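Breakdown of the fold
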Amino acid sequence: MARGDQVYVMREVLGIPGVYEHHGIDCGDGTIIHYRKVGEAQVTRTTRSAFAQRQRIYVKPQPVAFIPDVVVARAESRLGERRYDLFGNNCEHFATWCKTGQSESVQVAGFGRRVDQLNPLQAKQLMDRMAQEKAPADAIALFNQAMGNVAIAHQRLQPQIDQAQQEM
């Protein structure tokens, strides 16, 4: 890792490891600027170890990118920002914008394709974990709400995915 690198770690959801990538920008001084999601999400500078949370840090290569000083300056220019949006301004959008000037998230772009690949066993494991932390009726309601949100997101994104595939 080096100053100006776009970096990421794999994060878990409800104890299931590797569910999504969390992105940031390496400042080259032992800190990383990223959207920190404790309370209200905010762009902040944290130590590498706080960013990693005991996970391996990977570098995301970008074929076209700003020089390191510009990447870090772009990241610093957004410190304190609180405009997090999962589908339009998440940690990957932020880090990719800092590195390339393009606010993009490969994870969000591929979301619609992955919904069709949900593994019923993993869904059941997720449900079981929620049931351990909440009353069963609350866990079922929360799971149903989450699946409803996934379905809504899929419906909204699928036409865009189809159009992009046709244009390609």
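Residue numbers run consecutively from 1 along every chain, following the written order of its sequence. At least 70 in pLDDT is required for a residue's local features to be given in this predicted model, at least 80 for side-chain atom pairs to be given and counted, and no such filter applies to totals for whole chains, interfaces and linings, which use all residues. Derived side-chain values reflect all non-hydrogen atoms in the structure, with water molecules and hydrogen atoms excluded from consideration.

**So, unusual backbone geometry**
For Gln53, which is not a glycine, the phi torsion comes out positive at approximately 45°. Secondary structure elements are taken from DSSP: a helix is a run of H or I of four residues or more, a strand is a run of E of two residues or more, and numbering for both begins at the N terminus. Within the element layout of this structure, Gln53 appears in the loop between helix 1 (48-52) and strand 5 (58-59). For Arg54, which is not glycine, the phi dihedral falls at a positive 65°. On the secondary structure map, Arg54 appears in the loop between helix 1 and strand 5.

**Let's talk about the sheet that holds strand 4 (residues 42-47)**
Taken in spatial order, the five strands of this open sheet run 4-3-2-1-5, and their pairing is antiparallel. The two strands at the open ends of the sheet, each matched to only one other strand, are strand 4 and strand 5. Each pair of strands is called paired provided DSSP finds at least two bridges between the two strands. The pairing of strand 1 (residues 6-13) with strand 2 (residues 16-26) spans seven bridges and is classified as antiparallel. Counted as the bridge partner of Arg11 is Tyr20 from strand 2. Only heavy atoms matter for contacts: two residues are in contact if any of them lie within 4.5 Å across the pair. Helix axes are fitted to C-alpha atoms over the stretch in contact, other axes to C-alpha atoms as well, and angles between N-to-C directions run from 0 to 180 degrees. The strands that helix 2 (residues 68-76) touches are strand 2, strand 3 (31-36) and strand 4; relative to strand 2, the one it contacts most, it runs at about 105°.

**Notes on helix 3 (residues 91-100)**
Throughout, exposure labels follow a simple rule: accessible area from a 1.4 Å probe, protein chains only, divided by the maximum for the residue type, with under 20% read as buried, over 50% as exposed, and the rest as partly exposed. Burial analysis of helix 3 places eight of its 10 residues in the buried class, the great majority of the element. The inward-facing, buried residues of helix 3 abut strand 1, strand 2, strand 3, strand 4, helix 2 and helix 4 (106-109). Its side-chain oxygen at 2.7 Å from the backbone nitrogen of Glu92, Asn90 defines the N-terminal cap of helix 3. A positive phi of about 90° marks Gly101, the residue just after helix 3. Definition of a polar contact: a pair of N or O atoms within 3.5 Å, with one able to donate and the other able to accept a hydrogen when the atoms are protein atoms, and with sequence-neighbouring residues admitted only if both atoms are side-chain atoms.

**A closer look at the side chain of Ser105**
When you line up the elements, Ser105 lands in the loop between helix 3 and helix 4. Reaching out from Ser105, the side chain makes a polar contact with the side chain of Glu92 at a distance of 2.8 Å. Those residues in contact with Ser105 that sit more than four places away from it in its chain are Asn90, Glu92 and His93.

**Considerations on the packing of aromatic side chains**
We call Phe, Tyr and Trp rings a pair once their centres come within 6.5 Å, taking the six-membered ring for Trp, and we label the pair stacked below 30 degrees between planes, edge-to-face above 60, and tilted otherwise. Going through the model one piece at a time under the given rule, you end up with three aromatic pairs. When the ring of Tyr35 is compared with that of Tyr84, the centres are 5.3 Å apart and the planes differ by 75°; the resulting orientation is edge-to-face. Here the residue Tyr35 occupies a position in strand 3, and Tyr84 occupies one in the loop between helix 2 and helix 3, the gap between them amounting to 49 residues. In this structure Tyr35 comes out as buried when scored by relative accessible area, which is 0%. Put simply, the rings of Tyr35, Tyr84 and Phe94 touch in pairs and so form one group of aromatic residues. Charge-over-ring contacts are defined here by two conditions on Lys NZ or Arg CZ: a distance within 6 Å of the ring centre and an angle within 35 degrees of the ring normal. Looking at Arg74, its charged tip hangs above the ring of Trp97, at a distance of 3.8 Å from the centre. The ring of Trp97 has Arg78 sitting right over it, with the charged end atom 4.8 Å from the ring centre.

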